[in-house]
Protein chains: 2
Amino acid sequence: MPRLHNFLSLALVLLIAGCGAAQSEEPASVAETSQEAALAPAGILKAGFVGLETVYNSELMAPYDILQHSVFRDSINYVETFVVSPDGQPFTTFEGITITPHYSFDDAPEIDILVIPSTGGSMSTDLENEVFMTWLKQAVDRAQYVITVCDGAFPLAATGALDGRQATTFPADRDRLAEMFPDVEVLYDANFAVDGKFITSVGGALSYEPALYLVERLYGVEHARRTAQGLVLDWDVSQIPHFIASQ
Amino acid sequence: MPRLHNFLSLALVLLIAGCGAAQSEEPASVAETSQEAALAPAGILKAGFVGLETVYNSELMAPYDILQHSVFRDSINYVETFVVSPDGQPFTTFEGITITPHYSFDDAPEIDILVIPSTGGSMSTDLENEVFMTWLKQAVDRAQYVITVCDGAFPLAATGALDGRQATTFPADRDRLAEMFPDVEVLYDANFAVDGKFITSVGGALSYEPALYLVERLYGVEHARRTAQGLVLDWDVSQIPHFIASQ
C-alpha cells in the first residue's frame, strides 16, 4: 500500500482519537485560518534537500531552517533534515560556500519531504544531468511532499510531475517555465502554489514561505507562527499571495 | 594613515571628479531617498564572515548572498566574500550543515567588512573563547564596517566597540544585551541600527537588511534595489524601522 495512504489514514485516526501532543497544540483559530486541521503526523519525517554544484544559498538554507527548527517545537514529532548530493562529496554553492552533504543519492534514507532548491543550472545543465534526473524522478514519486524553491520547479517539471498542475517559480523565469513545459499551468501572482503533494515557490528571501506553509499543514498554525517568530517573521498565510488547488 | 581615512578621501575625490562607472550608476533619486550620495568605493572590498560552530544558517547566508551578489551589478567595484573560522577547518551550523571555510584566523586577508552572525554560543561560550575574542577585537578595529546579525551583537559589544553607541539584536535578547553591556544603548524598535561603522541588526529572515543597507551606502539605492530584486525583495529602507546615528 502506498506510504502516503497509510500515513494519511494514521493521521486521520490520530486526529479523531484526539491524540496527545500535536492535537493539544492546535489553537481554536486553525479552523478559521486554514480550511483543514493539521495533519499532525506522529514521529519523525525525513526531509532531503538536493545539493548540486551552484545551488543558491538562500534557496537551500531558508526552507532548511524552517523544517529543522521543528524539533524545537516538539521533540518527538518533527522533521529531520539532511542534504543529499549525487556522490556524497562536498559541493560549492552559487555564492561560493562549500557544503558537505549528509548523504549521497545511493545511501540517502527514504525521503518523506523532498526539497529542490534552485541552482545556476536548474534551467539548463541540471535537466541534462541523467544521474540527477533519474534519481529525482524516483525520489519525487516516493516522497509524501515535494517543495521546489525558485527555479527548482524546472527539474520537477522535467520529471512530468507538474503536468496538468498549477505551479510557480522565480518571477523572471515564469515565462520560460511555461514555454519549456506547456503542460504546466504557470501562476504569475502567487508566492507559492500547492497542487497535490507539490509545493512550488518563487524563492529568494521568500524561500521560508513554502516550508512554513508545510509546517502549518503538518503541525498547525501555532507551531508555524512560533517557528516563524524564531526567524523574526510574522507568519500569516492569508497575507501572502498563494494558490492551493482543490483536492 | 588609517585605511578608512584614505578610503573616504579617495571616494570623495572620485565623486567630485565625476569618475566613471560607479558615478554613472547613481540615479537622480539617491538624493531623495538617502541623505547622502553613495560612497562608490573603487575596486574590491573584502568581506569576512565569522564561522564558528553552531552559527545560524540564515544569519550567515542572507548577508553573504547580498554582498556576494554585488559582483553581478559591477564586475570591477564589488564586495568579495569569504568565510573565516578559527582554525580553517570545517564547522557545523546550528541547523546541522557542515561548511568549509575559506580561511583561518591566521591566514585571512585584511577584512574591510566584518560580518558577525549569531551562533548558539553568542551570548555565552563565544564570549569566553579567548582565541575568538582576541582575534575579533583586532578585526573589529581594522575593519571599515562591522555588521552584526542577531546575537552577533553580543561578541561585538564584548570588545567594547559598542560602548556609548546605539545597537540592536534579536528581539527576545535585547534585554539581555542591555543587562550584560550597560554602556550600550539598546534599541527596541529598529530592525537595524547604524552608529559609526557599526551596523547591528535583528537577524532571522531579516538578515538581508543590514547588508542591503550597506550596499545602498556603498553603491547607491539602485544597485541595492536590483540586488534585492534578485532575491524577490522590494528594497526601500524608508519602509523599514531603522536607526542611523548622526555622524
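Residues numbered from 1 in each chain as written. Chains lettered and ligands numbered in written order. Predicted model: local features only at pLDDT ≥ 70, side-chain atom pairs only at ≥ 80, totals over all residues. Heavy atoms only, no water.

Caption draft 1: View of the interface of chain A and chain B. On the side of chain B, 31 residues touch chain A, which itself brings 31 residues to the contact. A buried area of about 2500 Å², summed over both sides, lies between chain A and chain B, and 63% of it is on carbon and sulfur atoms. It is A:Glu95, A:Ile97 and A:Val232 that lose the most area in chain A upon contact with chain B, and together they represent 22% of the buried surface on that side. The tally of links from chain A across to chain B stands at 0 salt bridges. Our enumeration of links across chain A and chain B arrives at 14 residue pairs in polar contact (both at pLDDT 80 or more). (Contact = heavy atoms within 4.5 Å. Buried area = accessible area lost by both parts, 1.4 Å probe. Salt bridge = Lys/Arg side-chain N within 4 Å of Asp/Glu carboxyl O. Polar contact = N/O pair within 3.5 Å; in protein donor to acceptor, adjacent residues only side chain to side chain.)

Caption draft 2: View of the relation of the copies chain A and chain B. With an axial shift of 0.0 Å and an RMSD of 0.0 Å, the rotation relating chain A to chain B amounts to 180°. Both copies of the chain, as the preceding transformation shows, are related through a two-fold rotation axis. Closest approach to the rotation axis within chain A is made by the C-alpha atom of A:Ile99, at a distance of 2.4 Å. In this assembly the copies share their binding face: 100% of the residues contributing to the interface of chain A also contribute to that of chain B. (Least-squares fit on C-alpha atoms with pLDDT ≥ 70 in both.)

Caption draft 3: How the structure looks around the pairing of strand S1 (residues 44-50) of chain B. All names here are of chain B. The buried fraction of S1 amounts to 5 of the 7 residues, a majority that puts the element mostly inside the structure. Strand direction decides the pairing type here: S1 and strand S2 (residues 78-85), joined by 7 bridges, are parallel. Directly across from Lys 46, in S2, lies its bridge partner Glu 80. Between the parallel pair S1 and S2, the chain is carried across by helix H4 (residues 57-68), and the sense of this crossover is right-handed. Two elements, S1 and strand S6 (residues 113-116), share 3 bridges in a ladder whose sense is parallel. Bridge pairing in S6 places Gly 48 opposite Leu 114. (Buried < 20%, exposed > 50% of the residue type's maximum accessible area, 1.4 Å probe, protein only. Helix = DSSP H or I, 4+ residues; strand = E, 2+ residues; numbered from the N terminus. Pairing = 2+ DSSP bridges. Right-handed = clockwise from strand over helix to strand, strands pointing away.)

Fair warning: the whole summary comes from geometry, so function is off the table for now.
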